[in-house]
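Here is what each chain is made of, one letter per residue.
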Amino acid sequence: MRTIFQLIVTALLFSFCSDNIKNHNAQIVVEDGTQTDTPSIQMSDRQMDRKIDEAEEPKYPDLVGNWVGYFERDDDQSREDKTLYVDEGFVWTRENKINISIDQIKNGTVTGRSIVAGNDRPFKGTMRITDEGNHHFSLKEPGDHRYDGEFNFTIIDGRLQGTWTAYQDIDIKKRKYDLEKRSFRYNPDVNLERSKQYVNWNESLETIERVEMDENEFEEWIAQEFATATDLIYTINASNTNLTKSQVENLKRGDLTIIRNTIYARHGYSYKNRPLRVFFDAQSWYIPVHTDIKSDFTDLEKENIELLLRYEKNASEYYDSFGRG
Amino acid sequence: MQRSKSIITKTLYFATLLYFSYLMLLITLQYIPLRLDVAFLNIKYDIIDQKFYQLAFFSHVYTSIFVLLIGIVQFSSSIRIQFPKVHRLMGKCYVFLILVISSPSGLIMAFYANGGMISQFSFVMQAFIWFLFTLLALVYARNKQWTLHRNFMIRSLALTLSAITLRLLKWMIANWLEWPPMDIYRLVAWLGWLVNLGIAEIYIWKSKHLRVV
C-alpha cells in the first residue's frame, strides 16, 4: 500500500514539473510605440508643435481640441456573441475609449485625428451649421487601413455626439459616441483609481473540482483564475519615484505589468493589447493621445521601465517553475 | 515480500533523485556557453559585473551538478560493498569538490543573496554547515569510525539535496499559495535545508534504534 502511494506521489511530481525548469512560452507585451531605446526629445517639443498650430488658428476654440469618451457599438443584432464575459462581474461589451482630436478648422475644411485602440488615424472633412445653430461635422478617414471609416457628429451644448461607419466589413461596423472636451497634459503624479479590476483573460489557470452533489453523484466545476493585479498598483508610481530593487523584487507579474504600463498611460499611450486597454480606458484621467511615445519618457521613467521589465521577464519565466531566476 | 518492497523503494529513491538531477542539469545547461545575461543572472545585475562574483557563481554552478550526482550514487550499498575502491575514489571527489569549490563559492554568493538579511543569513549558515559536516565525514572515514562517517555523510547529502528541495518547495508554494516571489524565496531559503536536515536526523535516529533492537 505504501509503495503504491509512493509511486502515485512520484508519478504526480513527474507529471507536474516535467521539464518545468522554465516557462518557455513566457511573453512580455511591449508594444512598438513604447520602446525605450530611442533618445528622448524634450517633452515640450510635441506640445510646442501643437501650440504653434493653435496660435495660428485661434478660431473655434470651443470646437478645436480633444474630444474623449467611449466608442460604443451601435449594432443591436448579434450583440451577445461579440461581448466578452470573463468572470463574475467582468464584462466587456467591446467599447473603447476614443479621442477625436479636431486639429484645424479652416474655411469649412476640418482636419484632425482619431485615436482609439492603438490606431491613430487622420481624418478630413467638412463642417456646417445646422438649422438649430449647432456645428455638424462629416469626416472621412483615408481608407487605406482596415479599420478606417466615416464620422458624422454634431456638437451640442459642449458634447460631441454622433456615429461612425466602417468602410470595410469588420467585426463591429457601426459605432456611436457621446464625448466631452478634455485637454491632455502629462502628469507624472497621477495615480490609478480603483475603477476596474485588471483581468488578463489571455492567461488563465483552469482548475477542475469534483464536487459530490448526492451520494455517488459527482459534478465537475470548472473554475478559471485569471492573471490579475494586487492593491500595490495603486500606491507605486513609476513616473515620479525612483524604484529600487527591493521595492520591485517582491512584486508579482500582474503588478509589474500594470505599474510599467501606467507610465505609458500617463503619456496618453493608446493600447493595442486588449486587457490593458480595457483596464486603462476605465481610468477617468486616461486619454488616448499617441500611438508612439518612444521619445516622451523621462530618464527616471526609462530606468524604471528597464528595472520593471527585468523582473517581469524573470517572473514570467521562473515564478512558478522549478528553475529559478 | 520484504525484499521486493525494498527494491521498489530503492528504485523510487533513485528514480526520483535522478529525475530532479536531470532538472538540475537542465538548469546548469542554461549557463553553457558562459553567459552573463541569462536566468538567475538577470536579477543579479547589480553584482554580476564583479569578477569575484562571476568566479564564485560559475564554479558553483558547474561543480554542483557533479556533487549532486556523486552524492546520490554514493548511497548505493551495492557499489559500496562490491566496488569499495570506486566508493572511495568518488567519495574523495565529493569531499574535494564541496570543501574546495562548492561550499566556499556558495558562501561568497550567500553574502549577496536576493531577499536581504533573512535569506543571506540562511545561505551563509548553510555553506558553513555543509563544509563542516562534509569535513567531519572525511575525518571519521580516515579514523575508520564508520557509523559516524555514515551519519555525517547523510547530513552532508541532505544539505547537497537542498538545491532540489529549495526549488521544489518554491514551485509548490508559487503554484498553490501564489505568494509574492521574494517572500517565497526568503521562506524556502530556510526550509530548503532545514527540512532536509530534519529528515536526515529522523533517518539517523531511526536506523540507530533499529540496530539496537
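Residues numbered from 1 in each chain as written. Chains lettered and ligands numbered in written order. Predicted model: local features only at pLDDT ≥ 70, side-chain atom pairs only at ≥ 80, totals over all residues.

Turning our attention to the overall build of chain A. When helices and strands are tallied, chain A shows seven helices and 12 strands. Across the 325 residues of chain A, 32% fall into the buried class. A separation of at least 24 residues holds for 61% of the contacts in chain A among residues at least 6 apart in sequence. (Helix = DSSP H or I, 4+ residues; strand = E, 2+ residues; numbered from the N terminus. Buried ≥ 20, exposed ≤ 12 C-beta atoms within 10 Å, placed from the backbone. Contact = placed C-beta atoms within 7 Å.)

With that settled, the discussion passes to the interface of chain A and chain B. Taken together, the 24 residues of chain A in the interface contact 27 residues of chain B. Listing elements by their share of the side of chain A that touches chain B, those giving two or more residues are helix 1 (2-16) and helix 7 (299-318) of chain A. Residues of the side of chain A that touches chain B, tallied by class, amount to nine nonpolar, eight polar and seven charged. (Nonpolar A, V, L, I, M, F, W, Y, C, P; charged D, E, K, R; others polar.)

All names here are of chain A. Domains assigned within chain A are domain 1 (26-37 + 189-318) and domain 2 (57-182). Across the contact, 16 residues belong to domain 1 and 16 residues belong to domain 2. When contributions to the side of domain 1 that touches domain 2 are tallied by element, the ones reaching two or more residues are strand 11 (199-214) and helix 6 (274-281). The leading source of residues in the side of domain 1 that touches domain 2 is helix 6, at three residues. Considered class by class, the residues forming the side of domain 1 that touches domain 2 number nine nonpolar, four polar and three charged. (Domains from an automatic or database assignment.)

So, on to helix 5 (residues 116-142) of chain B. All names here are of chain B. Taking 1.5 Å per residue as the helical rise, helix 5 with its 27 residues ought to reach 39 Å, and the 39 Å between its terminal C-alpha atoms agrees with that figure. Three or more residues of helix 5 are buried, namely Ser 122, Phe 123, Gln 126, Ala 127, Trp 130, Phe 133, Thr 134, Ala 137 and Leu 138. Of the residues trailing helix 5, Lys 144 is marked for its positive phi of about 60°. (Expected span 1.5 Å × (residues − 1).)

Residue and element names in this part refer to chain B. With respect to the helices and strands, Leu 12 occurs in helix 1 (residues 2-29). A count of 15 C-beta atoms within 10 Å places Leu 12 in the partly exposed class. C-alpha of Leu 12 to C-alpha of Val 67: the two residues are 55 residues apart in sequence and 20 Å apart in space.

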